[in-house]
Amino acid sequence: MDLLIDVFGYLSIIIHGLTILSQSMALGGALFLVLLARPLAPRLGHPGVGNPRGGQIEIASGTARIAGYAALALLLSEAATIALQAAVLMDTVDLSFREALTADFAVAGLVKTAAAASMALVLLGWRERAPTVPLLALSVIELAAATLTTHAAARLDSRGWLLAVEGLHQLGAAIWIGGIPCFLLALARVRDGAAFRLVGARFSRMSMAGVACILVSGITMSLLYIGSWQGFYGTAFGVMVGAKIGMFLMLLALGGMNFLLVERLRSDPTTSINRLRRFAEVEFGIGIAIFFAAASLTSVPPAVDLTQDRVSWQEIVERNTPEWPRMSSPDHDVLALPALQAKLDAEAAAKKAAPQVAFIPGAGELPPRNADDIAWSEYNHHWAAVFVIAVGLLALLNRAGLRWARHWPLVFLGLAVFLFFRSDPEVWPMGEEGFFDSLRDVEVLQHRFFVLLIVVFAFFEWRVRATNWTGRSAALVFPLLCAAGGTMLLTHSHAIANVKDQLLIELTHTPLALAGIAAGWARWLEIKLNPRENPVVWQIAGWVWPVCILFCGLLLLGYREA
Ligand code: HEM
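Only a predicted model underlies this, so the values are computations on that prediction, with no experimental measurement involved.

A tally of helices and strands in the protein yields 20 helices and zero strands. By the compact-globule yardstick of 24 Å for 562 residues, the protein fits well, its C-alpha radius of gyration being 25 Å. In terms of principal-axis extent, the alpha carbons of the protein reach across some 90 × 65 × 40 Å. Counting across all 562 residues of the protein, residues that qualify as buried make up 54%. Long-range contacts, defined as pairs at least 24 residues apart, comprise 77% of the intrachain contacts of the protein with a sequence gap of at least 6. If you sum the accessible surface of the protein, you get close to 24,700 Å²; carbon and sulfur atoms cover 67% of it. A distance of 16 Å separates the average location of the 42 positive side-chain charges in the protein from that of its 43 negative side-chain charges.

See below:
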């Protein structure tokens, strides 16, 4: 159980991110069916006439299927959330399972689960004929229950207001981001320009309504939960809302360009819609990253509640004032944990007793840290910067035409080996803790995950670039894993007791994560856009991702922990 409590924090963020994603796709799909797929069906091409696969039915039944399976995924993720929280509650406050299920979060969760199960039944049972009123009623019940698991539920003042605003926010997320998979399905099923325009224009209007819901509620919640500039940059809550606003602006730019393309379809129905689809794919990808940022956001206290331990602007300026990078490392033995273990071993030897273990991963305690541990970590980040800057420069040179620079992904393999050895000095191969034991430590687990991610995307990208591996899907591995790495970095936290130090580190990680997400989706666009149809956008995408990688390297070079 200690391990569960230790990983609870990280696990609950991941599960909550999946819950928000599946909720948005279930509600977004249901609304897409009721507001677009069914009402527009008679005008989206007729069975047999130039469209053997019967576009009108395919879109509605496909939409019902997407929303139905999303409702099933919501059922599972919400059940996992209840089980996880109940297990931790039973262990920490000694309650029975039945008693734990009477807690507010569990009751709201059970209502969400029941609503999700009923939605899945209606959507997968009736498909395109799913009855509108019950479907919308279940969606409202699900959304209302979801707001009862947010920060608003715990507020004493303006609680009703905030619950409504939270609901509006999640509704906006569902209409816009949650509806995109059904929009992509519809674009894949219709055949002529007029139908594209019909689907594009209706979904643009729905997305605009979603954007308006998100913006009004987002600003309201920011005013009520953050309340000041210092709350914005000086707390983890504020910084994560900042990351969301950054990604929101990226989405607005993409959505705006798609709106213009749909308008162009009015005057020229032959306009290619390839860019519309590609931008919608990227919007969905960035939307998923926002969902995980929202999940991470709701796992920390609102900024207004954190009046102590805020980081001041002065501290941020001081920590980010450039200094010469640390290119020499302290010895492994002087690090806090090896030093403590050596001391315990010596004491035990003196008493002829069995040596005590200095730190047990997953036992709910933080490992000791001293100034050398900070120096060790800074050294790691600065050398990682050298690798990443080399990758960015070589990728730019390759883009500029230097052929041998196409081997740049191999530099990432060097980075992976470096991080494998050095990112967690207390565990194998440098430290005492065994490889499998160390996986009980969430931070080590996340570092190992990042190393594996780097190895996989480096191998695939090198094969694509240097050995002309032509598989389209192989070329998509690097952008997808790059974007996934950036998204996971948004949920990454360091096991450090000091709240201020944790935030000062997060202030470096957040722009790194955003640059990783931007690099991944820019490379995705470069691969999937047709350069003849969209030469300018294709060119821009091709330069954006290596510049983002270079930016990550420069950020790492300025990384400091003290
Ligand atoms: C596409 C853009 C966005 C999406 C998809 C989105 C989605 C979400 C979701 C699903 C949640 C609820 C998480 C939960 O409690 O379960 C949330 C929370 C939040 N969002 Fe957004 N959001 C977006 C943009 C924004 C923007 C632009 C702002 C600020 C102006 C914002 C401010 C907030 C705040 C303050 C919360 C925290 C609520 C709480 O702690 O209970 N969001 N967001």
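The rest of the description comes next.
Attention now moves to the packing of aromatic side chains. Given two aromatic rings, one states the distance between the centres and the angle between the planes to describe the pair. One pass over the structure, following the stated rule, counts 22 aromatic pairs. The interplanar angle of 90° and the centroid separation of 5.8 Å between the aromatic rings of Phe 420 and Phe 421 together place this pair among those described as edge-to-face. Judged by relative accessible area, which is 40%, Phe 421 ranks as partly exposed. Here Phe 435 and Phe 436 contribute two aromatic rings whose centre-to-centre distance is 5.1 Å and whose plane-to-plane angle is 90°, an arrangement assigned as edge-to-face. Judged by its relative accessible area of 26%, Phe 435 falls in the partly exposed class.

Here we take up the coordination of the iron atom of the ligand. Listed as protein donors to the iron atom of the ligand are His 169 (NE2) and Lys 244 (NZ); their distances from the metal cover 1.8 to 2.0 Å. Relative to the metal, the six donor atoms surrounding the iron atom of the ligand lie at angles of 77 to 179°, and the coordination shape comes out octahedral. Here Lys 244 lies in helix α10 (residues 236-267) and His 169 lies in helix α6 (residues 159-178), a separation of 75 residues in the sequence. There is no split in this pair, since His 169 and Lys 244 are both buried.

The subject of this paragraph is the site of the ligand. The ligand sits among 26 residues. The nearest are His 16, His 151, Glu 166, His 169 and Lys 244. One of the side-chain nitrogen or oxygen atoms of His 151 is found 2.5 Å away from an oxygen atom of the ligand. Elements with a minimum of two residues in the shell around the ligand: α1 (2-40), α6, α8 (193-225), α10 and α11 (274-297). For the shell around the ligand, a count of residues per class yields 16 nonpolar, eight polar and two charged.

Next up on the list: the packing of helix α4 (residues 104-126) against helix α5 (residues 132-147). Remark: α4 packs on α5, axes separated minimally by 8 Å, with the N-to-C direction vectors making an angle of 155°. If you check the angle between α4 and α5, you find them roughly antiparallel. α4 and α5 meet at a crossing whose hand is left-handed. Between α4 and α5, the contacting residues are Ala 108, Val 111, Lys 112, Ala 115, Ser 118, Met 119, Val 122 and Leu 123 on the first element and Leu 135, Leu 138, Ser 139, Ile 141, Glu 142, Ala 145 and Ala 146 on the second. Looking at the contact of α4 with α5 residue by residue, the classes come out as 11 nonpolar, two polar and two charged.

What follows covers the side chain of His 151. Position of His 151 among the secondary structure elements: in the loop between α5 and α6. By relative accessible area, which is 16% here, His 151 ends up buried. If sequence neighbours within four positions are ignored, His 151 has contacts with Glu 166, Tyr 225, Phe 237, Leu 297, Thr 298, Val 300, Pro 301 and Pro 302.

What follows covers the packing of helix α17 (residues 442-466) against helix α18 (residues 472-491). Here α17 crosses α18 at 155°, and the two axes come no closer than 8 Å. Relative to α18, α17 is oriented roughly antiparallel. In the packing of α17 onto α18, the handedness of the crossing is left-handed. In this structure, α17 uses Phe 449, Phe 450, Leu 453, Val 456, Phe 457, Phe 460, Glu 461 and Val 464 to contact α18, whose residues at the interface are Ala 474, Ala 475, Val 477, Phe 478, Leu 481, Cys 482, Gly 485, Met 488 and Leu 489.

Before going further, it helps to examine helix α19 (residues 499-528). End to end, α19 covers 42 Å across 30 residues, agreeing with the expected 44 Å (1.5 Å per residue, within 8%). Where α19 bends most, at Leu 507, the angle is about 25°, and the proline Pro 511 comes one to four residues later. Most of α19 sits inside the fold, with 24 of its 30 residues counted as buried.

Below, the discussion takes up the confidence of the model for the protein. Looking at the protein as a whole, the pLDDT averages 90, with 95% of positions reaching at least 70. Every residue in residues 46-53 scores below 50 in pLDDT, and together they form 11 contacts with partners more than four places removed in sequence or on other chains.

How each quantity is defined
- Residues numbered from 1 in each chain as written.
- Predicted model: local features only at pLDDT ≥ 70, side-chain atom pairs only at ≥ 80, totals over all residues.
- Heavy atoms only, no water.
- Helix = DSSP H or I, 4+ residues; strand = E, 2+ residues; numbered from the N terminus.
- Rg over C-alpha atoms; globule rule 2.2 N^0.38 Å.
- Buried < 20%, exposed > 50% of the residue type's maximum accessible area, 1.4 Å probe, protein only.
- Contact = heavy atoms within 4.5 Å.
- Areas by Shrake-Rupley, 256 points an atom, 1.4 Å probe, with all protein chains shown as cover.
- Lys, Arg positive; Asp, Glu negative; His and termini not counted.
- Charge placed at Lys NZ, Arg CZ, Asp CG, Glu CD.
- Phe/Tyr/Trp six-rings, centres within 6.5 Å; stacked < 30°, edge-to-face > 60°.
- Donors = N, O, S within 2.8 Å, 3.2 Å for Na, K, Ca; no water.
- Tetrahedral: all angles 85-135°; square planar, octahedral: opposite > 155°, others 65-115°.
- Near = heavy atom within 4 Å.
- Polar contact = N/O pair within 3.5 Å; in protein donor to acceptor, adjacent residues only side chain to side chain.
- Nonpolar A, V, L, I, M, F, W, Y, C, P; charged D, E, K, R; others polar.
- Axes fitted to C-alpha atoms, helices over the stretch in contact; angles between N-to-C directions.
- Parallel < 35°, antiparallel > 145°, perpendicular 65-115°, else oblique.
- Left-handed = near helix turned anticlockwise from the far one by under 90°.
- Expected span 1.5 Å × (residues − 1).
- Bend = angle between axes of the 7 residues up to and from the residue.
- pLDDT = per-residue confidence, 0-100.

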